[in-house]
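# A structural walkthrough
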Amino acid sequence: MTTHTHQSRPGQFITLEGTEGGGKSTNLVFIQQWLQDKGLEVVVTREPGGTPISEAVRQILLDPNYNEMTVETELLLMFAARNQHIQQIILPALADGKWVVSDRFTDASYAYQGGARGMDYQRIAQLEDWVQQGFVPEMTFVFDLPIEEGLRRVAARSNLTGQAIDRFEQEQAAFFEKVRSAYLYRAHQAPARYQVLDASQPLSNVQAQIHTRLTQLLAEVVD
């Protein structure tokens, strides 16, 4: 297959969101491969994380030993890591015409620190305005599924890999119900940017919908 380079096009920023066990990691690989097959250069990253400093902050945020962390500290650490991520990785890649795909971004702060932990949305918006200055993803996929199914998948994955449950994954179902509601609320507020995917369907169905939406996005960029 002949690939054509599209580096003269502006880069696009795509994010993947959702509660635990929704299949973000699997679909991140699918999206990366899909875009590369179109001849695009792709940078895959994650939040919190993506840079050495941001990954160090991630270690603190996910460490189950830090259960005394206040929601304000959690939120500030998230945005500290995000600022470094944006400045060091995301914006330079987009400026080079690369497409950036991130496992989570600012929607996660509204869902986890806002919806689930009760932080005022206006406070989160103030930090977003300061750190991002209007910068938002072109496209956000929200992987939605019933909480009990997601937690079952997380437990199964943990048993399979022996990977320890992190500080967020050890929260109760009621916490994740609030996370899910916050994501769906945000998607409802801005339907042009969000695509909510029923992650309880077979993976092939989910990826067929991703394929359709990416095709549209690519066509918009070409035009």
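Just above, that's the structure.
Here the structure is a predicted model, which means the values were calculated and not measured. (Residues numbered from 1 in each chain as written. Predicted model: local features only at pLDDT ≥ 70, side-chain atom pairs only at ≥ 80, totals over all residues. Heavy atoms only, no water.)

### Things to note about the packing of aromatic side chains
Aromatic ring pairs are described here by two measures, namely the spacing of the ring centres and the angle between the planes. Scanning all chains against the criterion turns up 8 aromatic pairs. Ring centres of Phe13 and Phe135 lie 5.4 Å apart, and the angle between their planes is 10°; on these two criteria the pair is classed as stacked. On the criterion of sequence distance, the pair formed by Phe13 in strand S1 (residues 13-18) and Phe135 in the loop between helix H5 (121-132) and strand S4 (139-144) is long-range, its members being 122 residues apart. Taking relative accessible area as the criterion, Phe13 reaches 0% and is therefore assigned buried. When the ring of Tyr112 is compared with that of Phe175, the centres are 6.0 Å apart and the planes differ by 55°; the resulting orientation is tilted. On the criterion of sequence distance, the pair formed by Tyr112 in helix H4 (residues 106-116) and Phe175 in helix H7 (residues 173-189) is long-range, its members being 63 residues apart. (Phe/Tyr/Trp six-rings, centres within 6.5 Å; stacked < 30°, edge-to-face > 60°. Helix = DSSP H or I, 4+ residues; strand = E, 2+ residues; numbered from the N terminus. Buried < 20%, exposed > 50% of the residue type's maximum accessible area, 1.4 Å probe, protein only.)

### Here we look at the sheet that holds strand S2 (residues 42-46)
Read across the open sheet, the 5 strands follow the order S2-S3-S1-S4-S5; overall the sheet is parallel. The open sheet has two edge strands with one neighbour each: S2 and strand S5 (194-198). The sheet shows a mean angle of 20° between the axes of neighbouring strands, direction not considered. Across 5 bridges, S4 lies against S5 in parallel orientation. For Phe143, the partnering residue across the bridge sits in S5 and is Leu197. Helix H8 (residues 203-222) contacts S1, strand S3 (99-103), S4 and S5 of the sheet and is inclined by roughly 170° relative to S4. (Pairing = 2+ DSSP bridges. Axes fitted to C-alpha atoms, helices over the stretch in contact; angles between N-to-C directions. Contact = heavy atoms within 4.5 Å.)

### Examining the environment of Glu128
Looking at the element boundaries, Glu128 is found in helix H5. On the accessibility criterion, Glu128 (15% relative accessible area) is buried. Separated by 95 residues in the primary sequence, Glu128 and Gln33 have C-alpha atoms spaced 30 Å apart. Dropping the residues within four chain positions of it, Glu128 is found in contact with Phe79, Thr106, Tyr110, Gln133 and Val136.

### Points about the pattern of salt bridges
The final tally for this structure, using the stated rule, is 14 salt bridges. In this structure, Arg104 and Glu17 form a salt bridge, with 3.9 Å as the shortest nitrogen-oxygen distance. Of the two residues, Arg104 sits in the loop between S3 and H4 while Glu17 sits in strand S1, which places them 87 residues apart along the sequence. Relative accessible area serves as the criterion here: at 11%, Arg104 is assigned to the buried category. With a closest N to O distance of 2.8 Å, Glu74 and Arg117 form a salt bridge. One end of the pair, Glu74, is in helix H3 (residues 71-95); the other, Arg117, is in the loop between H4 and H5, with 43 residues separating them in the sequence. A network of salt bridges, in which partner residues are shared, links Glu74, Arg117, Arg167 and Glu171. (Salt bridge = Lys/Arg side-chain N within 4 Å of Asp/Glu carboxyl O.)

### So, the packing of H4 against H7
At a minimum axis separation of 8 Å, H4 and H7 run at an interaxial angle of 130°. Regarding the angle of H4 to H7, the classification is oblique. Here the hand of the crossing between H4 and H7 comes out right-handed. Together, Asp107, Ala108, Tyr110, Ala111, Tyr112, Gly115 and Ala116 of H4 and Phe175, Phe176, Lys178, Val179, Ala182, Tyr183 and Arg186 of H7 make up the contact between the two elements. By residue class, the composition of the contact of H4 with H7 is 10 nonpolar, 1 polar and 3 charged. (Parallel < 35°, antiparallel > 145°, perpendicular 65-115°, else oblique. Left-handed = near helix turned anticlockwise from the far one by under 90°. Nonpolar A, V, L, I, M, F, W, Y, C, P; charged D, E, K, R; others polar.)

### Some words on the nonpolar core
By size, the foremost hydrophobic cluster in this structure holds 22 residues, and its most contacted members are Ile14, Ile31, Leu35, Trp99, Phe141, Phe143 and Ile210. Of all elements in the fold, only S1, helix H1 (24-37), S3, S4 and H8 reach the threshold of two or more residues within this core. Residue contributions to this core peak at 6 residues, all from H8. Setting aside residues no more than four positions away along its own chain, Ile14 makes contact with Leu35, Trp99, Val100, Val101, Ser102, Met139, Phe141, Leu214 and Leu217. Val57, Ala111, Phe175 and Ala187 belong to the second largest nonpolar core, which has 20 residues in total. (Core = buried A, V, L, I, M, F, W, Y, C linked by side-chain atoms within 4.5 Å.)

None of the figures reported here should be taken as evidence of function without further support.
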